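# Observations on the model geometry
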Amino acid sequence: DSGVTQTPKHLITATGQRVTLRCSPRSGDLSVYWYQQSLDQGLQFLIQYYNGEERAKGNILERFSAQQFPDLHSELNLSSLELGDSALYFCASSVEGTGEETQYFGPGTRLLVL
Amino acid sequence: GENVEQHPSTLSVQEGDSAVIKCTYSDSASNYFPWYKQELGKRPQLIIDIRSNVGEKKDQRIAVTLNKTAKHFSLHITETQPEDSAVYFCAARGISSGSARQLTFGSGTQLTVLP
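Residues numbered from 1 in each chain as written. Chains lettered and ligands numbered in written order. Predicted model: local features only at pLDDT ≥ 70, side-chain atom pairs only at ≥ 80, totals over all residues. Heavy atoms only, no water.

What follows is about the overall build of chain A. Along chain A, the regular secondary structure elements total 0 helices and 11 strands. For chain A, whose C-alpha radius of gyration is 13 Å, the value lies close to the compact-globule estimate of 13 Å for 114 residues. With respect to the three principal axes, the spread of C-alpha positions in chain A is 35 × 25 × 25 Å. When burial is assessed residue by residue, chain A has 51% of its 114 residues classed as buried. (Helix = DSSP H or I, 4+ residues; strand = E, 2+ residues; numbered from the N terminus. Rg over C-alpha atoms; globule rule 2.2 N^0.38 Å. Buried < 20%, exposed > 50% of the residue type's maximum accessible area, 1.4 Å probe, protein only.)

This is the structure in structure tokens:
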């Protein structure tokens, strides 16, 4: 157990809908990263937050947004969902968010868009 | 932005043999190269990492080598065991889209250790 929690574990929804994925980082970690892992694909970096502020952005679609709250948990919002958004979404956390330190991954949220 | 290529995509070895996975990267300014192991249905976990001021790092049966000139790095697993079977991802900390330096992952290698 990495200490990073994600909810829900599984999510099934329909095209056009909106969902929110939640992540709680390890105690003491200030940075949260979001990744998308599609079937047979690697991990695609989406976005990073550090202590409540956006620090880096990857290939995140405009339909997706995220935020980190004062208690450091983070939410990833996916809207106008398409079939191709079906994937495993991981969040990871690290202490300082420099990108040169260990990132601890949560168990992931498996999203299925029908 | 950074581009990381990983080979092979699948690798089968006999128990006790060695396994080597190779990655190349494009951003010459990349300075941090971790390797993650992902077992089926589980989260990725860091197994070893190397920084650009070091050429080789070893941790028991696992070693990583880095060639900055050629922009490639490799994972070596010796005396493989069935529990080494998993997907292995390399990554490089380079420029992602925009100006931020973040991890770019390779596409993964499915390692199968045959008993």
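Of all residues in chain B, 95% attain a pLDDT of 70 or more, and the chain-wide mean is 92. When the elements of chain B are averaged for pLDDT, strand β10 (residues 101–105) of chain B gives the smallest value, 84, and strand β2 (residues 10–14) of chain B the largest, 98. (pLDDT = per-residue confidence, 0-100.)

This part is about the sheet that holds strand β8 (residues 74–78) of chain A. All names here are of chain A. The strand order across the open sheet built from 4 strands is β1-β3-β8-β7, with neighbouring strands paired in antiparallel fashion. Across the chains shown, the open sheet's two edge strands, defined by having one partner strand only, are β1 (5–7) and β7 (64–68). On average, each strand axis in the sheet is tilted by 15° relative to the strand beside it, whichever way the strands run. Pairing geometry for β1 and strand β3 (residues 19–24), over 3 bridges, is antiparallel. Residue Thr7 lies in a different strand from β3, and its bridge partner there is Arg22. (Pairing = 2+ DSSP bridges. Axes fitted to C-alpha atoms, helices over the stretch in contact; angles between N-to-C directions.)

Before going further, it helps to examine the environment of Phe69(A). Residue and element names in this part refer to chain A. In this structure, Phe69 sits in the loop between β7 and β8. The partly exposed category is assigned to Phe69, whose relative accessible area is 23%. The spacing of Phe69 and Leu83 is 14 residues in sequence and 29 Å in space, taken between C-alpha atoms.

Residues and elements named next belong to chain A. According to the stated counting rule, one finds 2 disulfides over all chains in the structure shown. The disulfide partner of Cys23 is Cys91, and the S-S distance across this bridge is 1.9 Å. Sign of the S-S torsion, about 70° for the bond between Cys23 and Cys91, identifies this disulfide as right-handed. With Cys23 in strand β3 and Cys91 in strand β9 (residues 87–94), this pair connects stretches of sequence that are 68 residues apart. Each member of the pair, Cys23 together with Cys91, is buried. (Disulfide = S-S within 2.5 Å.)

Attention shifts here to the sheet that holds strand β1 (residues 4–7) of chain B. Residues and elements named next belong to chain B. An order of β1-β3-β8-β7-β6 is seen for the 5 strands of this open sheet, with the pairing classed as antiparallel. Lying at the two open borders of the sheet, with one neighbouring strand each, are β1 and β6 (56–59). On average, each strand axis in the sheet is inclined to that of its neighbour by 15°, with strand direction left out of account. Sheet topology note: the strand β3 (residues 19–25)/strand β8 (residues 72–77) ladder contains 6 bridges and is antiparallel. Residue Ala19 lies in a different strand from β8, and its bridge partner there is Ile77.

Residue-level contacts link 26 residues of chain A with 19 residues of chain B. Note on chain A versus chain B: buried area summed over both sides is about 1,800 Å², and carbon and sulfur give 49% of it. Its largest share of buried area at the contact with chain B, chain A owes to Leu43(A), Glu100(A) and Phe105(A), together 32% of the area lost on that side. The tally of links between chain A and chain B comes to 1 salt bridge. Asp1(A) is the salt-bridge partner of Arg43(B), the closest N and O atoms lying 4.0 Å from each other. Counting the contacts that link chain A with chain B gives 5 residue pairs in polar contact (both at pLDDT 80 or more). At the level of secondary structure, the elements contributing two or more residues to the side of chain A that touches chain B comprise β4 (31–37), β5 (43–50) and β6 (53–57) of chain A. Its residues placed into classes, the side of chain A that touches chain B shows 9 nonpolar, 12 polar and 5 charged. (Contact = heavy atoms within 4.5 Å. Buried area = accessible area lost by both parts, 1.4 Å probe. Salt bridge = Lys/Arg side-chain N within 4 Å of Asp/Glu carboxyl O. Polar contact = N/O pair within 3.5 Å; in protein donor to acceptor, adjacent residues only side chain to side chain. Nonpolar A, V, L, I, M, F, W, Y, C, P; charged D, E, K, R; others polar.)

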